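Close look at the chain arrangement
Letter by letter, the chains look like this.
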Amino acid sequence: MDLHKIEKILYKEKPNYLIVQGDTNTALAGCLAASIYNRKYLIDHKMNPRFKTVIIDEAQDMMTQNLLGSIDACMYGGLESGNWWVFCDKNNQAAVFGKFEETAFSRLKKLGENYLLYKNLRNTRQISDETIMLTRPKICPHVEIDGAVPVQTIFYKDNNEQASKLKNTLLKLMKDQVRPSEITVLSPLKNEEGCATLLSSQLKNSALNHKNRLILLNPLLSKNITSLENSTSTIFFCSISAFKGLEKDFIVITDIDNLSKEWWRSVLYVGMSRARVG
């Protein structure tokens, strides 16, 4: 999402609050636009343009000294005496965007109290166990949710075979009474490079035929993200990095070809941990 477009909306609507739903880049653009708007508004009204409280989630995607400098400058008391919360997963997700600076993290640790969130409240034991086996995370949160759906691994020889198996997997899920709104297809690749795009191009009208119903297979974009939870006739697909912070009952992950490198394991960890049921 474009920073300047968000800024124009803020000046037109003059909201008291801003909630941004999307990937890390979209959320950061929203925060920066809100900060610019807030500072200009306060300066225009001869008020001190500082925040009383700052809360950052998914901080491992933007943990840099530059970011900390910006926060320090716009918060009452700065980082040393200000009121702030930072949530991050430096062990299992920091490699996805490659913007984690250990020096910045060490600086924060010295300035605040540190807590370990040790419970996994999203995934079932089956999902958690399979994720740990495949991605070898450094920290494994405790899981208390028992599930009934096993994690299935499907192998393929080439892209066309993968597309065919993806189609069969989606049709089987719907046959098992899983609604399209409960399914998302994720890939470590960009939308245009992934298996779901290939399958969509092979389907007539980019749609699966399920019990004489056409189920669209469409990319998840900022303009249709509001349809993610309630669409009855569309299965969305997108990159794993764009889906960070979101979740779905059923996640189908494609295009996994290499687990020997940390980036691939980190991005697979993110993708698998989006699933609530299977």
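Structure: above.
Below or above, wherever it landed, is the structure these notes cover. Predicted model, so just to flag it, every value in this text is computed and none were measured.

**Remarks on the packing of aromatic side chains**
Under the criterion given, the structure shown has two aromatic pairs. For the pair Phe 100 and Phe 105, a centre-to-centre distance of 5.6 Å together with 45° between the ring planes defines the contact as tilted. Like Phe 105, Phe 100 is buried. Aromatic side chains Trp 263 and Trp 264 sit 5.5 Å apart centroid to centroid with 90° between the ring planes, which places their arrangement in the edge-to-face category.

**Things to note about the nonpolar core**
Grouped together as the largest cluster of nonpolar side chains are 19 residues, with contacts concentrated most on Leu 166, Leu 170, Ile 183, Val 185 and Ile 235. Those elements that provide at least two residues to this core are α7 (159-175), β5 (183-187), α8 (195-202), β7 (213-219), β8 (234-239) and β9 (250-253). Excluding its chain neighbours within four sequence positions, the residues that come into contact with Leu 170 are Ile 183, Val 185, Leu 199, Leu 208, Leu 217, Ile 235 and Val 252.

**Describing helix α3 (residues 65-73)**
Listed in full, the buried residues belonging to α3 are Leu 67, Leu 68 and Ile 71. Along the axis of α3, the buried positions cluster into a sector of 95°, meaning they face one direction only. Next to the buried residues of α3 lie β1 (53-56), α4 (78-81) and α5 (102-111).

**A word on the packing of helix α6 (residues 125-135) against helix α9 (residues 262-272)**
Between α6 and α9, the shortest axis-to-axis distance is 9 Å and the interhelical angle comes to 175°. It follows that α6 is roughly antiparallel to α9 by the angle criterion. Listed contacts from α9 to Ile 127, Glu 130, Thr 131, Leu 134 and Thr 135 of α6 are Arg 265, Leu 268, Tyr 269 and Met 272. Of the residues belonging to the contact of α6 with α9, the class tally is five nonpolar, two polar and two charged.

**Some details on α7**
An ideal rise of 1.5 Å per residue puts 24 Å on 17 residues; α7 measures up with 24 Å between its terminal C-alpha atoms. Within the sequence span of α7, burial applies to Gln 162, Ala 163, Leu 166, Leu 170, Leu 173 and Met 174. Looking straight down α7, one finds that the buried residues subtend no more than 110° of arc, so they occupy a single side. Next to the buried residues of α7 lie β5, α8, β6 (207-210), β7, β8 and β9. Here α7 starts with a cap whose side-chain oxygen sits 3.2 Å from the backbone nitrogen of Asn 160, and that cap is Asp 158. Following α7 by one or two positions, Gln 177 has its phi on the positive side, about 75°.

Reading the values: rules and limits
Each chain carries its own residue numbering, running from 1 in the direction its sequence is written. The predicted nature of this model means local features are confined to residues of pLDDT at least 70 and side-chain atom pairs, given and counted, to a pLDDT of 80 or more, with totals for whole chains, interfaces and linings taken over all residues. Excluded from the side-chain calculations are hydrogens and water; all other atoms, namely the structure's heavy atoms, are used. Aromatic contacts are taken between Phe, Tyr and Trp rings whose centres are within 6.5 Å, Trp giving its six-membered ring; a plane angle under 30 degrees counts as stacked, one over 60 as edge-to-face, and the others as tilted. Exposed residues in this analysis have more than 50% of their type's maximum accessible area, buried residues have under 20%, and partly exposed residues fall in between, with area computed by a 1.4 Å probe over protein chains only. For this analysis, a nonpolar core means a set of buried residues of the types Ala, Val, Leu, Ile, Met, Phe, Trp, Tyr and Cys, connected via side-chain atoms within 4.5 Å. Helix numbers and strand numbers start at the N terminus; a helix is a DSSP run of H or I with at least 4 residues, a strand a run of E with at least 2. When checking whether two residues touch, look at their non-hydrogen atoms; a contact exists if any pair is within 4.5 Å. Each C-beta atom gives one direction from the helix axis, and the arc is the one those directions make. In this analysis an axis means a line fitted to C-alpha atoms, helices contributing only their contacting stretch, and an angle means the value between N-to-C directions, from 0 to 180 degrees. Here roughly perpendicular refers to angles of 65 to 115 degrees, roughly parallel to angles under 35, roughly antiparallel to angles over 145, and oblique to all remaining angles. We call Asp, Glu, Lys and Arg charged. Ala, Val, Leu, Ile, Met, Phe, Trp, Tyr, Cys and Pro are nonpolar, and the rest, Gly among them, are polar. One less than the number of residues in a helix, times 1.5 Å, gives the span that helix is expected to have. In protein, a polar contact means a hydrogen-donor-capable atom and an acceptor-capable atom, both N or O and within 3.5 Å, with residues adjacent in sequence counting only if both atoms are side-chain atoms; elsewhere, any N or O pair within 3.5 Å suffices.

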